[in-house]
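Architecture and fold: a report
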Amino acid sequence: MVPTALPSVALIVLFGGSVIAAEPPAKAPPAFNTDVRPIFKAYCTECHGEAEKPKGALDLRLQRFILKGGKSGPAVTAGKADESLLIERVKSGDMPPGKKKLTAAEIETLRKWIAAGAKVEAPEPETLSIGFPITDDDRRYWAFQPITRSRVPATKTTPAASNPVDAFLLAKLSDRGLSFAPIADRVTIIRRVTFDLIGLPPTPEEVDAFVNDKTPEAYAKLVNRLLASPQYGERWGRHWLDVAGYADSEGGAPEDPIRTNAWKYRDYVIRSFNADKPFDRFIREQLAGDELVKPPYAELSAADLDAVVATGFLRMAPDGSGVASADQKLARNQVLTETVKITASAFLGMTVGCAQCHNHRYDPIPQTDFYRLRAAFEPAYNLTAWVAPASRQVSLYTVADKKKATEIEVDAAKIDAERIKKQDEFIEATFEKELAKLPMEMRDKAKLARNTLAAKRTPEQKKLMQDHPSLNVSAGSLYLYDSKAAAELKKMTEAAAEVRKKKPVEEFVRVLTEVPGKVPTTFLHHRGDPDQPKDAVSPGGLAVLDGTLPLKLSEKPLATGTTGRRLALANWLTDPKHPLTARVLVNRVWMLHFGKGLVGTPGDFGRLGEKPTHPELLDWLAAEFVEKGWSMKALHRQILLSNAYQQSTMRETAKDSVDPDNRLLGRFTVRRLDAESVRDGMLAVSGKLNLKAGGPPVPVMEDDAGLIVIGKANRDGAQYKLGDESVPAGEESRRSVYVQMRRSKPLGVLAAFDWATAEPNCEVRNSSTATPQALLLLNGDFTAAQAEAFAERVRKEAGPELKSQVSQAWRLIYGQTPTEKELAGAVRFLGTATETFRKLPAQPLPKAGTKAPEPPTPEVRALSAFCQALLSSNRFLYVD
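Predicted model, so just to flag it, every value in this text is computed and none were measured. (Residues numbered from 1 in each chain as written. Predicted model: local features only at pLDDT ≥ 70, side-chain atom pairs only at ≥ 80, totals over all residues. Heavy atoms only, no water.)

**Some remarks on the packing of aromatic side chains**
Applying the stated criterion across every chain, the model contains 25 aromatic pairs. Where F273 meets F282, the ring centres are 5.7 Å apart and the plane angle is 80 degrees; that geometry is what we call edge-to-face. Per residue, the accessibility class of F273 equals that of F282, and both read buried. Relative to F282, the ring of F279 has its centre 4.9 Å away and its plane inclined at 65 degrees; by these criteria the two rings are edge-to-face. (Phe/Tyr/Trp six-rings, centres within 6.5 Å; stacked < 30°, edge-to-face > 60°. Buried < 20%, exposed > 50% of the residue type's maximum accessible area, 1.4 Å probe, protein only.)

Now the structure itself:
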């Protein structure tokens, strides 16, 4: 009997009583539009088709042009690859010119296409203008298609009423005979979601409360509690700061000047995430907040002022134009270039920056697209009326502030006037005393000399004053004659200073604004060279979308007096019909929850990027995100409440053979903590974490060993220490999002664990396993200090009994009590370590001139070593 289900590897045919494995069907030859044209586009058409006069009269943009050929005759002979001039030239390396050559695989693709008849799979346009062509095939590319709310699939195991996220994932898994892994235990889940949403470990009390909550809503309540935590904004705001390219220094030059007020944008981002600000509003504020409100900015409400602060997004690109030695034309041009790149990767998920110098080699992005986007920013970043980065800020001094400051100054001036009056009286009295010491006949001459301006004194008067220097009584020398009067005057000076301290502090915010009426012309740069401007370019979006969603500009200036170009760009990006923005955003959130996006290349949705593993799910999430008011917290709930997110990390041989990289998500993927969570997690476990929010960043500096540590540098030009370099107590233990992000000086403990690098922004972080990490954990001062604090906390909370200490340490760092085996092993370690420390010197000798601290006991040192081992363990550094 013929089987009803046939193996997929080969068709089994029953014939003559024998079983025969049929040959698999032949693979289709390469298609012109999907396989061949991208190769020509990457290597050839810039010279052979897009230029005004194609080289050698050969145009490789359409199939019929290729068959026609150029000055050397037909480029290919259909059906005869080995006789085709094109194959001959690329195999010999003659073409394309330069170092970049076709790979063997690409040449083979061309050869197979020609051998199969050099056909084209769809009708080509009758005419094609000179330049960069955007074809219907380009427009049909998945990332440029409208977002559609995909129908939620239903299977036997996934009824339509279940979480749609699970339905889409299970549909693909079930096609391969697979399903989800079991739900993880509750301790694993609370540790996973707590680190995920707030970047900190759960406390033992929080773990106990969740484990003991047997209600069906326990997990949903946990998610909602974490989303309502102020630490949520710090965690997810930091993710956005990666995308924005946030830094507390300018970069762009070796000097790397500090950005004094950049932190106000950081705090805006954190506030926005905590408030669940609709993301379309969040985008509009960052690109055009100044065009949404009217100046004077200092008089705005807090909400409206936030819109202006938000334009700090456009001030994040490296900016070396404030350095005296900078080549101003190049430095200014680079600021605009990097701003376009950041904007495009953040919202479009396309490598638009590749079109700065030439048409994009792989995606339908002509060079004009880069400059159309750039034209939106040039009225604010006017190259011919440039403003230095330190000056590109606005004052927040209100009319009321100025009035109060004036009133306070009047009071202070009264004290100053009284002090000057007394000072004059003291000086005059002191002079009279010194004058009385002279012979009577000299006194009138001395008084006249003293009252004559130094420049107009006669030689005799000058000699008299030089011979009797005590007559030169002044405000600066009064203390030499009358110390009592000089203290009195000092007190009055201090009193005036105290009064002036009551003045409102004038604060500034780093923004991007336009000067009304000044609208520069944007030019396309030949080969990206600002010294070679070509045609003028008007603002616009991506040309591939012009037919379905053109960027609509304001016909006249806005009420703010600005061009409205950036607001038009923001409105274009947040149009619900835009095919890219919502897809890019939900994909990035998915990546941060699962470790990898549905599109594995979050900054490149183009042809060189990865295709979505679950395109229907991506579209459903994007449509849901927009329909739910662009709510980030609603998106979190949709994903986190799925069974997919709550799976265990258990591996199965059957799944691994089908899906070794877990792209089908049949289990949860083990992930290492990111840099901030490593540092913040250690501080939380040790009990040292300072949850103070907002404000200027905690400074960093280079220590004597060349390591970047927290501290306020206080050194001379030769790097000799001039005094204390510590920060105020507790500041060193603040969350990592509040640590200064200096481009040239990344904090060592964060850099070792793949902290974000703003070059110009960070689309996705690495997650490496490298030697510096082990060295930092074993020998680093930070880890050692947290281990000591962790041990001290354990002793206070658990008492002297070893088993209690081990159990408490385990609960603090892992969220659960140790097994009997783990407990016995840990107690044994502590005993051995204690005996080892008894035989070693108590502590290194103190530095000269300092008092030796009380040496720790062997038991204390053993517990610190044990706590350091826990902090360095994979079980702490990785999340299941």
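**Brief notes about the packing of helix α1 (residues 32–43) against helix α4 (residues 104–115)**
Two elements in contact, α1 and α4, have axes whose closest approach is 10 Å; the angle formed by their N-to-C orientations is 130 degrees. With respect to each other, α1 and α4 are oriented oblique. Taken as a pair, α1 and α4 cross one another with a handedness that is left-handed. Two secondary-structure elements touch here, α1 through F32, D35, V36, I39, F40 and Y43 and α4 through E106, T109, L110 and W113. Here the contact of α1 with α4 is composed, by residue class, of seven nonpolar, one polar and two charged. (Axes fitted to C-alpha atoms, helices over the stretch in contact; angles between N-to-C directions. Helix = DSSP H or I, 4+ residues; strand = E, 2+ residues; numbered from the N terminus. Parallel < 35°, antiparallel > 145°, perpendicular 65-115°, else oblique. Left-handed = near helix turned anticlockwise from the far one by under 90°. Contact = heavy atoms within 4.5 Å. Nonpolar A, V, L, I, M, F, W, Y, C, P; charged D, E, K, R; others polar.)

**Structural notes on the packing of helix α6 (residues 164–175) against helix α22 (residues 615–627)**
Running from N to C, α6 and α22 point in directions that differ by 170 degrees, and their axes come no closer than 9 Å. Here α6 is positioned roughly antiparallel relative to α22, judged by the angle of their axes. Of the residues in α22, those touching α6 at P164, V165, F168, L169 and K172 are P615, E616, L617, W620 and L621. For the contact of α6 with α22, the per-class residue count stands at eight nonpolar, no polar and two charged.

**Digging into a nonpolar patch on the surface**
A surface patch of nonpolar side chains, amounting to about 330 Å² of accessible area, comprises Y479, L480 and Y481. Examined against the element boundaries, L480 turns out to sit in the loop between α18 (459–467) and α19 (483–500). Classification of L480 as exposed rests on a relative accessible area of 59%. (Patch = residues over 30% accessible without salt bridge, like charges linked within 9 Å, V, L, I, M, F, W, Y side chains within 5 Å. Areas by Shrake-Rupley, 256 points an atom, 1.4 Å probe, with all protein chains shown as cover. Salt bridge = Lys/Arg side-chain N within 4 Å of Asp/Glu carboxyl O.)

**Considering the domain arrangement of the chain**
When the domains of the chain are assigned, the result is domain 1 (6–123), domain 2 (278–396 + 513–579), domain 3 (399–506), domain 4 (679–768) and domain 5 (781–844 + 853–879). Placing the centre of domain 3 and that of domain 4 at their C-alpha centroids yields a distance of 48 Å. (Domains from an automatic or database assignment.)

**Re helix α26 (residues 675–686)**
If you check α26, its first and last C-alpha atoms are 17 Å apart, about what twelve residues at 1.5 Å a residue would give, namely 16 Å. Of all twelve residues in α26, eleven are buried, a share of seventy percent or more. Restricting attention to buried positions, one finds in α26 the residues A675, E676, S677, V678, R679, D680, G681, M682, L683, V685 and S686. (Expected span 1.5 Å × (residues − 1).)

**Describing helix α28 (residues 771–779)**
Buried within α28 are the following residues: Q773, L776 and L777. In an axial view of α28, the angular spread of the buried residues amounts to 95 degrees, which keeps them on one side of the axis. The exposed set on the far side of α28, more than 90 degrees from its buried face, consists of T771, L778 and N779. On its buried face, α28 sits against β7 (671–672), α26, α27 (748–751), α29 (781–798), α32 (858–871) and α33 (874–877). (Arc of directions from axis to C-beta.)

**Some thoughts on the environment of F370**
With respect to the secondary-structure elements, F370 resides in helix α15 (residues 367–377). F370 gets classed as buried once you look at its relative accessible area, which sits at 0%. With 335 residues separating them along the chain, F370 and A705 place their C-alpha atoms 45 Å apart. Residue contacts for F370: discarding those within four places in its chain leaves T337, V340, V352, G353, A355 and Q356.

**Digging into the side chain of N761**
Following the sequence through the fold, N761 ends up in the loop between α27 and α28. With relative accessibility at 11%, the residue N761 sits in the buried group. Here V243 takes part through its backbone oxygen, which lies 2.8 Å from a polar atom of the side chain of N761. At a separation of 2.9 Å, a polar atom in the side chain of N761 contacts the side chain of S345. Ignoring sequence-local partners within four residues, the contact set of N761 consists of D242, V243, A244, G245, I342 and S345. (Polar contact = N/O pair within 3.5 Å; in protein donor to acceptor, adjacent residues only side chain to side chain.)

**A short note on the pattern of salt bridges**
If charged atoms from side chains of opposite charge come close, those side chains can pair. Scanning the entire structure with this criterion turns up 68 salt bridges. Here R235 and D674 are joined by a salt bridge, their closest N and O atoms 2.7 Å apart. In this pair, R235 is assigned in helix α10 (residues 230–244) and D674 in the loop between β7 and α26, connecting sequence segments 439 residues apart. For the pair R235 and D674, a shared accessibility class is recorded, and that class is buried. Salt bridges here are not isolated pairs; linked through shared partners, they connect E409, D416, R419, R500 and K503.

**Topic: the confidence of the model for the chain**
The pLDDT averaged across the chain works out to 92; a share of 95% of its residues lies at or above 70. In this model residues 1–24 is a low-confidence stretch, pLDDT under 50, and it forms 18 contacts with partners more than four residues away in sequence or in other chains. (pLDDT = per-residue confidence, 0-100.)

**Focus: the environment of L292**
Assignment of secondary structure puts L292 in the loop between α12 (279–288) and α13 (302–309). Linking L292 and K596, residues 304 residues apart in sequence, is a C-alpha distance of 36 Å. When residues no more than four places from it in sequence are discounted, the contact partners of L292 are R281, R284, E285 and L567.

**A word on the state of the cysteines**
Under the counting rule described, the total for this entry stands at zero disulfides. With no disulfide of its own, C44 lies 8.8 Å from the sulfur of C47, the closest cysteine sulfur. C354 supplies the cysteine sulfur nearest to C762, a cysteine that is in no disulfide, at a spacing of 17 Å. (Disulfide = S-S within 2.5 Å.)

**Details of unusual backbone geometry**
Of note, the amide linkage connecting M95 to P96 takes the cis form, showing an omega dihedral of -5 degrees. Relative to the assigned elements, P96 resides in the loop between α3 (85–92) and α4. Note the cis peptide between P295 and P296, where omega equals 10 degrees. Tracing the sequence through the fold places P296 in the loop between α12 and α13. We note that A57 has phi near 60 degrees; this positive angle belongs to a residue other than glycine. Tracing the sequence through the fold places A57 in the loop between α1 and α2 (63–68). When its relative accessible area of 43% is taken as the criterion, A57 is described as partly exposed. Although it is not a glycine, L665 adopts a positive phi angle of roughly 60 degrees. We classify L665 as buried; its relative accessible area is 8%.

**Side note on the side chain of S733**
Position of S733 relative to the elements: it lies in the loop between β9 (708–710) and α27. What makes S733 buried here is its relative accessible area of 6%. The residues touching S733, leaving out its near neighbours within four places in the chain, are R679, L683, K688, L689 and N690.

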